[in-house]
Amino acid sequence: MTRFLSIAATEMLILRRNRWLLMATIVMVLFALALTFAGSAPTGTLGVDMLTISVTSMTTLSVYLAPLLALMISFDAIAGEAERGSLSLLLSYPAGRGEILLGKFAAHLAALGFAMTVGFGTAGAIAAWSGGAGPDSLIALARLIATSILLGAVFLGLGYLVSALSRSATAAAGLSAGLWLVFVVLYDLGLLGAVVMDGGGNFTRTIFPWLMVANPADAFRVWNIAASDGVALASGMAGAAQTLPAWAAPASLLIWPVLAFLLARAAFKRVEP
Amino acid sequence: MTDNALTIENVRKDRGRTTVLDDVSLTVNPGERVALLGHNGAGKSTLIKTILGLTPLTDGRIRVDGAHPGSSQARRSTAYLPEAVSFHPALTGREQLTLFARLDGQGADIPGLLDRVGLGDAMDRRIGAYSKGMRQRLGLAQVLLGQPKVALLDEPTSGLDPISRQDLYAIIDELAAQGTAVLIASHALTEVEARTDRIAILRKGVKVADDTLEALSAKAGLPTKLRIRATGAHADQIAETMGGTRINGASVEVLCTPDQKMARLRDVAAMGDAVADIEMTPPRLEDLYRHYAKEGMQ
């Protein structure tokens, strides 16, 4: 337990020391604020408060930014140590590989959580102050923050997986970029293409929604949109989400972090430094 | 159960089709300093990694302080200095060593240890600003944590200046004096020569020698070199009597096996005034190493 905590504390120190934490928080605050104000126009026409609009905009932002920040933090975790030659030394100490990975994960997730909470929290507070907020929109904001952290956790795990499979930190960085592109952009494009080809047939009605929530980034989107009427209305994207049972998206987003971490753990076990 | 700190029995390691280690056996007793010599790629680092449990064995058996390599007991009793180690540049020396002490699960006098390896002034500076030698010293400081039973040092002198090397060997002696079994993989032969109790030589994954320096010299039968300087014009006379080769106007070089050495010296003494000076060079580790590392390669 103390070993896990020392690894986590050291990782946290590194994130603070190399200003990753500061930069990530600033990026989150700036983007969240920009989107909140840029997206504040349709408030009157839709009849929802400004915080709701803000959460909708930030949901779209988080789909891209949460995986990106998570991969940026995690791609170096194993490959970087291996490259420096410190991995073999670290593994010669009594801490187990699971303990090491979990320690890094805890620190990275805490840093990500901090940046998300401060970023979305600031933008949300400003939106609520200037345009009003209700209990529903406050819950939507809390849900956005929590699900963003979950989405980040998925990509932390995937980043460790890539890091364990790579021979160098550079290769891990490249693979991470590919991973991001596939999950966040190409997967959706592929599905969209399939739906267009299908032309509203059986695939679109039955298989497509499930394929969509199988991707954690889409599950994140569906969960945030389906759970709040206001957000669904503001985003105009309710259609696909309604054909699925309510538990589908949350289940996907809760299973993925565990799955990604276990995959990374298995890959790390096979690393011979 | 033996009281060896480190026992390696018939270890074999295959990587794909190549055999990296072939039937290697080696023991290191508590307080003993053993040098592990070999060319690059002879299997030194691989052997160390199998002892650490980082690489699985194909065959054979290793016991570290009576425990399986890689088990938590083995890892607790082992200290390791990787070749050309580096650390996260954002941490300070003190922070890095504190992490290792916590992972080791034992309290330690961190500033004292850093002082011991000569990093007392630099302990609160970032490792990113350290020189190669300073990083190596930091690596050495973590070897001293928690009185290890076995210390594995992979090329510990790389990147160190001559004075630091002296410090390093002083620290190794200290470790051995407190009962740690020390295994030093190196190709810095001249330093290892004076500072180790026993020498093992690996060639292409096979152990070709494992004994004290004296015994290895005797076994190899390498010649001792006598260089005799003559007074005046006696050089020709000496060369004729001793059967050696003239190397310049006044000196003669004679090679003799260990058992002939005393007889040859008596011959020299019998020549009286004709001899001005005599210099005797026993076989150096380098010659020995060359002998054992090449033997059987033809």
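Residues numbered from 1 in each chain as written. Chains lettered and ligands numbered in written order. Predicted model: local features only at pLDDT ≥ 70, side-chain atom pairs only at ≥ 80, totals over all residues.

1. Details of the interface of chain A and chain B
Going by this rule: Contact between two residues is assigned when their C-beta atoms, built from the backbone, lie within 7 Å. A run of H or I in DSSP becomes a helix once it reaches four residues, and a run of E becomes a strand once it reaches two; helices and strands are each numbered from the N terminus. For this classification, Asp, Glu, Lys and Arg are treated as charged, while Ala, Val, Leu, Ile, Met, Phe, Trp, Tyr, Cys and Pro are nonpolar and the rest, including Gly, are polar.
Chain A puts 20 residues into the contact, and the matching count from chain B is 23 residues. At the level of elements, helix H1 (2–17) and helix H6 (86–91) of chain A are the ones that each hand at least two residues to the side of chain A that touches chain B. Residue contributions to the side of chain A that touches chain B peak at seven residues, all from H1 of chain A. Split by residue class, the side of chain A that touches chain B holds eight nonpolar, eight polar and four charged.

2. A closer look at the sheet that holds strand S5 (residues 78–81) of chain B
Residues and elements named next belong to chain B. Here is the rule we go by: Two strands qualify as a pair provided DSSP detects at least 2 bridges between them. Note on definitions: angles span 0 to 180 degrees between N-to-C directions of axes, and those axes are lines fitted to C-alpha atoms, for helices only across the stretch in contact.
What the six strands build is an open sheet, ordered S5-S6-S7-S3-S8-S9; its pairing is mixed. The sheet terminates laterally at S5 and strand S9 (206–211), the two strands that pair on one side only. Here the strands of the sheet are splayed against their neighbours by 15° on average, with no regard to which way each runs. Bridge count for strand S3 (residues 33–37) against strand S8 (residues 198–203) is four bridges, and the pairing is parallel. Considered in S8, the bridge of alanine 35 is made with isoleucine 199. Most of the contacts of helix H1 (residues 44–52) go to strand S6 (residues 150–154), to which it runs at about 150°, and overall it touches S3, S5, S6, strand S7 (181–186) and S8. Sitting on the sheet, helix H11 (residues 285–294) touches S3, S8 and S9, and the angle it makes with S8 is about 40°.

3. Some words on helix H5 (residues 132–143) of chain B
Residues and elements named next belong to chain B. Selection rule: Expected span of a helix, by definition, is 1.5 Å for each gap between consecutive residues, and there is one gap fewer than residues. Exposed residues have 12 or fewer other C-beta atoms within 10 Å of their own C-beta, buried residues have 20 or more, and partly exposed residues fall in between, where C-beta atoms are placed from the backbone.
Here H5 contains 12 residues, and its C-alpha end-to-end distance of 17 Å stays within 8% of the 16 Å for a straight helix at 1.5 Å per residue. Within H5, 10 of the 12 residues are buried, leaving the element largely enclosed by the surrounding structure. Taken residue by residue, H5 has Met134, Arg135, Gln136, Arg137, Leu138, Gly139, Leu140, Ala141, Gln142 and Val143 as its buried positions. Summarising the contacts, the buried residues of H5 are in contact with S5, helix H3 (93–104), helix H4 (110–116), S6 and helix H6 (162–177).

4. Observations regarding the environment of alanine 101 of chain B
All names here are of chain B. Checked against the element boundaries, alanine 101 lands in helix H3. Classification of alanine 101 as buried rests on a count of 20 C-beta atoms within 10 Å. What alanine 101 contacts, discounting residues up to four positions off in sequence, is Gln106, Ala108, Ile110 and Leu145.

5. Observations regarding helix H2 (residues 20–38) of chain A
In this model H2 of chain A runs 27 Å from its N-terminal to its C-terminal C-alpha over 19 residues, within 8% of the 27 Å that 1.5 Å per residue would give. Contacts from the buried residues of H2 of chain A go to helix H4 (50–74) and helix H7 (97–131) of chain A.

6. Focus: the confidence of the model for chain A
Note the following rule: The predictor attaches a confidence to each residue, called pLDDT, with possible values from 0 through 100.
Within chain A, residue pLDDT values average 88, and 91% of them lie at 70 or more. Across chain A, element-level confidence peaks in helix H14 (residues 248–269) of chain A with a mean pLDDT of 95 and bottoms out in helix H3 (residues 43–46) of chain A with 54.

7. Focus: the sheet that holds strand S2 (residues 18–28) of chain B
All names here are of chain B. Strand order in this open sheet of three strands is S2-S1-S4, and the pairing throughout is antiparallel. Both edges of this open sheet fall to S2 and strand S4 (59–64), since each of them pairs with a single strand only. Sheet twist, expressed as the mean angle between neighbouring strand axes with direction ignored, is 20°. By the bridge criterion, five bridges tie strand S1 (residues 6–15) to S4 in an arrangement that is antiparallel. Residue pairing in the sheet places arginine 12 in a bridge with aspartate 59 of S4.

8. Quick notes on the pairing of S7 of chain B
All names here are of chain B. Among the six residues in S7, six count as buried, and that is most of the element. Neither face of S7 is left uncovered, since the one carrying Ala181, Leu183 and Ala185 and the one carrying Val182, Ile184 and Ser186 both have all their residues buried. Here S3 pairs with S7 via five bridges, running parallel. By the bridge assignment for S7, alanine 35 is matched with isoleucine 184.

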